[in-house]
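A look at the structure
For reference, the chains in residue letters:
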Amino acid sequence: MNLLVEKIKNAALNMGYEKCGIIKISDMSGYEEKLNERIQRIPEVKPYYEGFYRFARLQDTYPWAKSIVICVRQYGKYHIPDHLKGLIGKYYLVDSRRDENSEDFQDSLKFEAYLQEIGLKTAAERKFGITAFRWAALKAGLGLVRRNNFFYTESGSWVHLEAWLIDKELESVEKPTLKECPKNCNLCIKSCPTASLSEPYTMNRLSCISCLTTFEGWDLPNEKFNSQMGSWVFGCDACQDVCPMNKGSWRAAEEFPGLTELSEHISLEKILEMDYTFLEKVMQPKFWYIGKDDVWRWKTNAINAMVNDYKEQYGEYIRCASNDSNEKVREMAQWAIGKLNL
Ligand code: B12
Ligand code: SF4
Ligand code: SF4
């Protein structure tokens, strides 16, 4: 193995990454095809996916870039408070992309500094990524993309991905040894509450609950999928939770900084009682897909979840929300009161 490649891989593994591969920039051209296919199958996502062509055409923005270092890190190692399961997507509970207190975030900075120390020019984007991670990891042979679109390693799909562009032509591609999906399995497709995952290797961003609880779903009383959203208030894990290839792969051995303490403030009832300063100062930096000006979304999402799995104790919280300072929350509460005959 090339000495530089060996150094990079060793550094990544020493900094807590499960796997590290290196591919040529040109390997991302296959992603462009997948993007075209997705847009062809689901034309309404076109305006949202057009920006992703940049993930394949990296040299337009980074003419100096030659290769992509792609790393996999396990997040299925953290303890998830039971009462948040089915409410908030696990990835978002232990999201290290912007959390300076997390070891994963610090390791990511250290790894980048190391790449620069050994003389490489680098570029990365810590929020939504500099390229299409799943495709890059697939090309590097670090694991498999399964029918639910998720990238899997031996740790299941509970892994997140990171990538750096570098200015040297290097390559490190493995041969995955994972078993393919069982021939007739379609459990993930059957489990998707909104049929966003309608067939293998596809999904409609616009009807995905993960999106409906964050970037979409602004008008829940009139949202076509409001009842299918079930108890989710931020994200969705249904198509991963059901997958047999994830069986036993979550090994809760570590605590994510601050999660247990924060979790004590979160339940459907507590969200409705949250004051807006707490939502803006504590919830928003952690769950950053909902912007500061839109933190009322937490309350409308929580009311929707209450309606979908109504318990008598919710009644007083919903009635109280009909006097909330935010008009959208008041409207949502009125809608729920009508729907539940409260
Ligand atoms: C945009 C985006 C979203 C959007 C849209 C989702 C989407 N799939 O497009 C929204 C906000 C909804 C979202 C939600 C979530 N996301 Co997201 N998201 C992304 C982002 C930024 C780009 C994804 C993308 O390229 N979409 C375009 C479409 C065309 O690609 P795709 O759906 O991934 O499909 C791929 C496969 O189907 C494959 N493929 C297609 N056909 C075939 C055929 C064969 C035979 C094979 C092998 C492969 C294959 O090619 C496609 C392109 O790679 C990536 C980060 C990044 N920079 O890569 C994270 C990323 C995909 N998200 C991630 C996560 C964890 C989530 C959530 C689970 C969070 C949550 N708990 O709610 C949900 C899951 C929703 C879902 N079912 O996908 C992780 C996934 C990790 C993993 N192990 O796969 C990523 C990689 C972020 C990260 N840093 O790790 N996400
Ligand atoms: S994350 Fe949820 S809504 Fe989105 S595709 Fe998977 S099961 Fe369907
Ligand atoms: S549920 Fe079945 S088809 Fe879907 S990803 Fe898992 S093994 Fe593959």
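Each chain carries its own residue numbering, running from 1 in the direction its sequence is written. To label them, take the chains in the order written and letter them from A, then take the ligands in the order written and number them from 1. A pLDDT threshold of at least 70 governs which residues receive local features in this predicted model, and a stricter bar of 80 or more applies before side-chain atom pairs are shown or counted, although totals over entire chains, interfaces and linings include all residues. The basis for every side-chain value is the complete set of non-hydrogen atoms in the structure, without hydrogens or water.

Right, let's get into the site of ligand 2. Nearness here has a simple test: a residue counts as near a molecule or strand if at least one of its heavy atoms is within 4 Å of that partner. Around ligand 2 sit Cys192, Pro193, Thr194, Ser196, Leu197, Cys208, Ile209, Cys236, Ala238 and Cys239, and those are all the residues in its vicinity. In this classification, the charged set is Asp, Glu, Lys and Arg, the nonpolar set is Ala, Val, Leu, Ile, Met, Phe, Trp, Tyr, Cys and Pro, and all remaining amino acids, among them Gly, are polar. The residue inventory of the shell around ligand 2, partitioned by class, reads eight nonpolar, two polar and no charged.

This paragraph deals with the domain arrangement of the protein chain. Here the limits of each domain have been adopted from an automatic or database domain assignment. Taken domain by domain, the protein chain consists of domain 1 (3–166) and domain 2 (194–235 + 265–340). Of note, the centres of domain 1 and domain 2, computed from C-alpha atoms alone, are 29 Å apart. Pairs of residues are marked as contacts when any of their non-hydrogen atoms sit within 4.5 Å. With 27 residues of domain 1 at the interface, the matching set in domain 2 holds 24 residues. Summed over both partners, the interface of domain 1 with domain 2 buries about 2,400 Å², with 60% contributed by carbon and sulfur atoms. The working definition used for a salt bridge is a side-chain nitrogen of Lys or Arg within 4 Å of a carboxyl oxygen of Asp or Glu. Linking domain 1 to domain 2 there are zero salt bridges. Two N or O atoms count as a polar contact when they lie within 3.5 Å, although within protein this holds only if one can serve as hydrogen donor and the other as acceptor, and sequence-adjacent residues are included solely when both atoms are side-chain atoms. On the surface where domain 1 and domain 2 come into contact, there are 14 residue pairs in polar contact (both at pLDDT 80 or more). The residue makeup of the side of domain 1 that touches domain 2, split by class, is 12 nonpolar, five polar and 10 charged. What counts as buried area is the accessible surface, traced by a 1.4 Å probe, that two parts surrender upon association, with contributions from both included.

All right, on to the pairing of strand β6 (residues 159–166) then. Burial here depends on accessible area, computed with a 1.4 Å probe over protein chains only, as a share of the maximum for the residue type. Under 20% is buried, over 50% is exposed, and the range in between is partly exposed. The secondary structure listing takes helices from DSSP runs of H or I that are at least 4 residues long and strands from runs of E that are at least 2 residues long, numbered from the N terminus. Counting buried positions along β6 gives eight out of eight residues, so the element sits mostly inside the fold. Here β6 shows no split at all, with Val159, Leu161, Ala163 and Leu165 on one side and His160, Glu162, Trp164 and Ile166 on the other all buried. With eight bridges connecting them, strand β2 (residues 67–74) and β6 associate as antiparallel partners. Directly across from Val69, in β6, lies its bridge partner Trp164. One bridge is not enough; two strands pair if DSSP finds at least two bridges between them.

Each axis is a line fitted through C-alpha atoms, and for a helix only the stretch in contact is used; angles between axes span 0 to 180 degrees, taken between their N-to-C directions. Relative to each other, helix α16 (residues 314–321) and helix α17 (residues 327–340) sit at 135°, their axes nearing to 8 Å. By the criterion of interaxial angle, the relationship of α16 to α17 is oblique. Seen from above, α16 lies across α17 with left-handed handedness. Here Ile318, Arg319 and Ala321 of α16 lie close against α17, whose contacting residues are Val329, Arg330, Ala333, Ala336, Ile337 and Leu340. With respect to orientation, any angle under 35 degrees is reported as roughly parallel, any angle over 145 as roughly antiparallel, any angle of 65 to 115 as roughly perpendicular, and every other angle as oblique. Take the far helix as the reference: if the near one is turned anticlockwise from it by less than a right angle, the crossing is left-handed, and if turned clockwise, right-handed.

Moving on, we come to the sheet that holds β2. The four strands lie next to each other as β1-β2-β6-β3, forming an open sheet whose pairing is antiparallel. Each end of this open sheet is capped by a strand with a single partner; those strands are β1 (19–24) and β3 (122–123). Here helix α1 (residues 3–14) sits on the sheet in contact with β1 and β2, set at roughly 145° to β1.

This part takes up empty space enclosed by the protein. Cavities and pockets are found on a 1 Å grid laid over the protein atoms alone: a cavity is a set of points where a 1.4 Å probe fits but cannot escape, a pocket is an open set with protein on both sides within 12 Å along at least five of seven lines, and a lining residue has an atom within 4 Å of such a point. Grid points are joined across faces, edges and corners, and a volume is the space filled by probe spheres set on the points. Taken as a whole, this structure holds two cavities of 30 Å³ or more when the rule is applied. Approximately 80 Å³ is the volume found for the largest cavity. Every residue lining the largest cavity is listed: Arg146, Arg147, Asn148, Tyr152, Cys181, Pro182, Cys185, Cys188, Cys243, Pro244 and Met245. Along the lines of polarity and charge, the residues of the lining of the largest cavity split into eight nonpolar, one polar and two charged. Lining the second largest cavity we find Tyr92, Asp95, Arg97, Phe234, Lys286, Phe287, Trp288 and Tyr289. Per-class residue counts for the lining of the second largest cavity are five nonpolar, no polar and three charged. For the lining of the second largest cavity, the domains that each give at least three residues are domain 1 (3–166) and domain 2 (194–235 + 265–340).

So, on to the packing of aromatic side chains. The pairing test for Phe, Tyr and Trp rings, Trp by its six-membered ring, is centres within 6.5 Å, and the orientation test on the planes gives stacked under 30 degrees, edge-to-face over 60, and tilted for anything in between. Overall, the coordinates contain 26 aromatic pairs when judged by the stated rule. Seen from their ring centres, Phe52 and Phe55 are 5.1 Å apart, and the 10° between their planes marks the pair as stacked. By relative accessible area, which is 27% here, Phe52 ends up partly exposed. Between Trp158 and Trp250, the ring centres sit 5.1 Å apart and the planes meet at 70°, which makes this aromatic pair edge-to-face.

Glancing now at the environment of Cys320. Relative to the helices and strands, Cys320 resides in helix α16. Here Cys320 falls in the exposed class, since its relative accessible area comes to 56%. Separated by 285 residues in sequence, Cys320 and Leu35 place their C-alpha atoms 45 Å apart.

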